[in-house]
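Per-entry structural report
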Amino acid sequence: EKYVLLEVKTDAYSDKKSQIKLADVNIRYVDMKDNHTTKLNSDIYASFTRSRKAYDSKQNKHVYADVVEQIAIENNEKALALRDKGKVQEAKQLLIFDSSYLRSNATTLGSNKLTGYADENEKDAEAVEKEDWNVQRKVMRESQSTRKTQR
């Protein structure tokens, strides 16, 4: 199973509009189990509310966890780039921040996947100062790639 995340900017919330259409989605793929072509069509809507209770009741924790993971991957990539530029302390600080961000959301969302990635970022932060950086760099790049491509 794979997912696609899109970031969308909309006009400001209006009391006159509680929902707007964001996209028409049309997907066609071959199901590898039975070699059958499947088509899916759907309209995507965004809902607006000023109620925290309504927001919380509609939150999809699984999707939210995937979003948090992708943001954390971007931060991890930035930290790696900082380390490559010799900015070791900045890279370490970003990895520590990333771990905290992941852990906080893991608790809120009940996500073991985010907890595991938080642990990984803590190890990366510890390793960023070590002399065998190239080994750690390869480990980080592989993790980034695996998580980005949802392998």
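The paragraphs below set out a description of the structure included in this document. (Residues numbered from 1 in each chain as written. Predicted model: local features only at pLDDT ≥ 70, side-chain atom pairs only at ≥ 80, totals over all residues. Heavy atoms only, no water.)

**A look at the environment of Thr10**
- Turning to its location among the elements, Thr10 is positioned in the segment before strand E1 (19-31).
- Each C-alpha atom, one on Thr10 and one on Leu22, is 8.5 Å from the other, the two residues being twelve residues apart in sequence.
- Here Thr10 is in contact with Ile20, Leu22 and Phe48, once residues within four sequence places are set aside. (Helix = DSSP H or I, 4+ residues; strand = E, 2+ residues; numbered from the N terminus. Contact = heavy atoms within 4.5 Å.)

**Let's talk about the packing of helix H2 (residues 61-84) against helix H3 (residues 88-109)**
- Interaxial distance between H2 and H3 falls to 8 Å at its minimum, and their mutual angle equals 170°. On the basis of the axis angle, H2 is roughly antiparallel to H3. Note on element contacts: H3 touches H2 through Val88, Glu90, Ala91, Leu94, Leu95, Phe97, Asp98, Tyr101, Leu102, Asn105, Thr108 and Leu109, opposite Lys61, Tyr64, Ala65, Val68, Ile71, Ala72, Asn75, Asn76, Lys78, Ala79, Leu82 and Arg83.
- Of the residues that constitute the contact of H2 with H3, the class distribution is 15 nonpolar, four polar and five charged. (Axes fitted to C-alpha atoms, helices over the stretch in contact; angles between N-to-C directions. Parallel < 35°, antiparallel > 145°, perpendicular 65-115°, else oblique. Nonpolar A, V, L, I, M, F, W, Y, C, P; charged D, E, K, R; others polar.)

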